[in-house]
Structure formats: structure tokens, C-alpha cells
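Chain by chain, the residues:
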Amino acid sequence: AQSVTQPDIHITVSEGASLELRCNYSYGATPYLFWYVQSPGQGLQLLLKYFSGDTLVQGIKGFEAEFKRSQSSFNLRKPSVHWSDAAEYFCAVGAGEYGNKLVFGAGTILRVKS
Amino acid sequence: EAGVTQFPSHSVIEKGQTVTLRCDPISGHDNLYWYRRVMGKEIKFLLHFVKESKQDESGMPNNRFLAERTGGTYSTLKVQPAELEDSGVYFCASSRFPGQIETQYFGPGTRLLVL
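Owing to the predicted nature of the structure, the values given are computational and were not obtained by experimental measurement.

### What about the nonpolar core?
Counting 26 residues, the largest nonpolar core has A:Leu19, A:Trp35, A:Leu47, A:Leu48, A:Phe74, A:Leu76 and A:Tyr89 as the members making the most contacts within it. Counting residues per element, the ones that place at least two in this core are strand S2 (10–14), strand S3 (19–21), strand S5 (32–38), strand S6 (44–50), strand S8 (64–68), strand S9 (73–78), strand S10 (87–95) and strand S12 (108–113) of chain A. For A:Leu76, the residues in contact, after removing those within four places along its chain, are A:Leu19, A:Glu20, A:Leu21, A:Trp35, A:Leu47, A:Leu48, A:Phe63, A:Glu64, A:Ala65 and A:Tyr89. B:Val4, B:Val19, B:Met60 and B:Ala67 belong to the second largest nonpolar core, which has 21 residues in total.

### Side note on the packing of aromatic side chains
Evaluated as defined, the whole model comprises 17 aromatic pairs over all chains. Ring geometry for A:Phe63 against A:Tyr89: centres 5.7 Å apart, planes inclined by 50°, an arrangement best described as tilted. With A:Phe63 in the loop between strand S7 (56–58) and S8 and A:Tyr89 in strand S10, the pair connects residues that are 26 residues apart, well separated along the chain. For the pair B:Tyr35 and B:Phe45, a centre-to-centre distance of 5.8 Å together with 75° between the ring planes defines the contact as edge-to-face. Taken together, the residues span a long stretch of sequence, with B:Tyr35 in strand S4 (residues 31–37) and B:Phe45 in strand S5 (residues 43–50) at a distance of 10 residues. What links up through ring pairs into an aromatic cluster is the set A:Tyr32, A:Phe34, A:Tyr36, A:Phe51, A:Phe90, A:Phe104, B:Tyr33, B:Tyr35, B:Phe45, B:Phe91 and B:Phe106. Over the face of the ring belonging to B:Tyr74 we find B:Arg22, whose NZ or CZ atom lies 3.8 Å from the ring centre.

### What to know about the interface of chain B and chain A
The interface is formed by 20 residues belonging to chain B together with 20 residues belonging to chain A. Taking both sides of the interface into account, the surface hidden between chain B and chain A amounts to around 1,800 Å²; carbon and sulfur atoms contribute 57%. When the buried surface of chain B facing chain A is broken down by residue, B:Ile43, B:Ile101 and B:Phe106 rank first, second and third, together holding 32% of it. One salt bridge connects B:Arg37 with A:Glu88, and the closest N-O pair in it is separated by 2.9 Å. Mapped onto the side of chain B that touches chain A, the elements with two or more residues apiece are S4 and S5 of chain B. Class assignment for the residues of the side of chain B that touches chain A results in eight nonpolar, seven polar and five charged.

Quick notes on the rules
Within any chain, residue numbers begin from 1 and follow the written order of that chain's sequence. Chains carry letters and ligands carry numbers; both start at the beginning, A for chains and 1 for ligands, and go up in the order they are written. It should be noted that, the model being predicted, local features are given only for residues of pLDDT at least 70 and side-chain atom pairs only at 80 or more, the latter also being counted only at that level, while totals for whole chains, interfaces and linings use all residues. Side-chain numbers here rest on the full set of heavy atoms in the structure, without hydrogens or water. Here, nonpolar core refers to any group of buried Ala, Val, Leu, Ile, Met, Phe, Trp, Tyr and Cys residues whose side-chain atoms link them within 4.5 Å. We call a residue buried when its accessible area falls under 20% of the maximum for its residue type, exposed when it is over 50%, and partly exposed in between, using a 1.4 Å probe and counting protein chains only. In DSSP terms, a helix is any run of H or I states spanning at least four residues, a strand is any run of E spanning at least two, and both are numbered starting from the N terminus. Every residue pair with non-hydrogen atoms within 4.5 Å of one another is taken to be in contact. Two rings belonging to Phe, Tyr or Trp (six-membered ring only in the last case) form a pair when the distance between their centres is within 6.5 Å. Interplanar angles under 30 degrees mark stacking, angles over 60 mark edge-to-face geometry, and anything in between is tilted. Distance and angle both matter: a charge sits over a ring if NZ of Lys or CZ of Arg is within 6 Å of the ring centre and within 35 degrees of the ring normal. Accessible surface is computed with a 1.4 Å probe, and the buried area is the amount of it that two parts give up when combined, taken over both parts together. Salt bridges are defined as contacts in which a side-chain nitrogen from Lys or Arg sits within 4 Å of a carboxyl oxygen from Asp or Glu. For this classification, Asp, Glu, Lys and Arg are treated as charged, while Ala, Val, Leu, Ile, Met, Phe, Trp, Tyr, Cys and Pro are nonpolar and the rest, including Gly, are polar.

Written as C-alpha cells, this is what we have:
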């Protein structure tokens, strides 16, 4: 069965520092991969997605992620974190016949120090 | 374009009571999904509607949960009778076209607390 692992439950970074959130997946074929963010009181917002093609994916709010098949990873990065990036981040893989049954990781809570 | 809306935003009920959650997808979206996040756990898939039909209900935990999507528009998720372990956040999501991978747009969730 498909699964997603986000090894870090909490991460704290200083404002302006770089960020990398880790995501590893288990899936037999080429995966459909997503990163969502949930700010307090908000729903999940899509940051970026990978379906095929270029393995470096650009998203909204200055985020990017790189699909590495050899490592079964899809890590999320941002070169300079802003205080407004404090939120919970979810990695997900698309499962089911059309990949639209999302399997989520446990989430990583990002805290930003000023 | 209005996003996915969910009602209520919060619900506190006692064990054994009934609760009905509502989701209004983005207009024109044929796919509607329900997910749940129990405290401290991952967000888990519950079921998927294509228009008014249940495409996949493999994630529904038991027969105390009943989901409907009358007319292929809004959906309701009823829990009857509610148990303590049903507490969590229930998310609804929608996407436009059936039969293909697409971005799912999520609502803000309904926070359910069963006492």
C-alpha cells in the first residue's frame, strides 16, 4: 500500500533562513506527489505538485520541491523563510485508479523565529 | 469563484448523538472527497463521489457513517451514533473532472468533538 513519511514533526527556523521539509513515499509506479500547507484556521492549500516531467517543481509563495526517484523523496524547499510561512505542511501521494485518493504524511509543523 | 465551504466549522456533541456535516464544493466540480484527521494522526481518505455516485468508499470506518450527495451538488456526512473516537477534523475537497488526476481544493474543515 502507498504510504508517505514526513520524519520531522516540528521544525523551527529563523526568519530569512533556508528551509527543507522532508518527504519520503512508498509507491510502485511513478507517483503523483503533492505538498499542501495549512495555516491556522484555514483549509489545505496546494503549494505544488508533481505529475511528470521536470523533477524540480516550482510552486506558490517561493516554494520548490524536487522529485528524486532513486531516494523515493519529494522534499520541499524555500531559500528564505518569512514569518508568514509558519504553518503545518503536508506531503501527499495520489493513490487509487486515477491517483485522486490522496495518502498524506503526518505533517510537519513549521515555526519561524524572528 | 467561491472555494469549498463546510458547515459547521465546529461541532461539540455527546457520545450517542447524531451530527451531520455539510460540504459545498466549487461550482461545476464533479468530484467530491471527504477526508478525516483524527488528533495526532494523518489525514485519511474517507470516500469519493463522482456527481451523485459513490466512486470509492473504502475509507469509511464503519456503518455509523453515511455520506450522501443529492443531485450531485453539496454533500452531507452523517455520524450516527457518534463515538468518542470520531472526534477530529473532517475535510471536504473537490476537483473538476472525473477519471483523471487533478488538484483537489480543500475546505477549511469541520472540527468535531465528541464528549
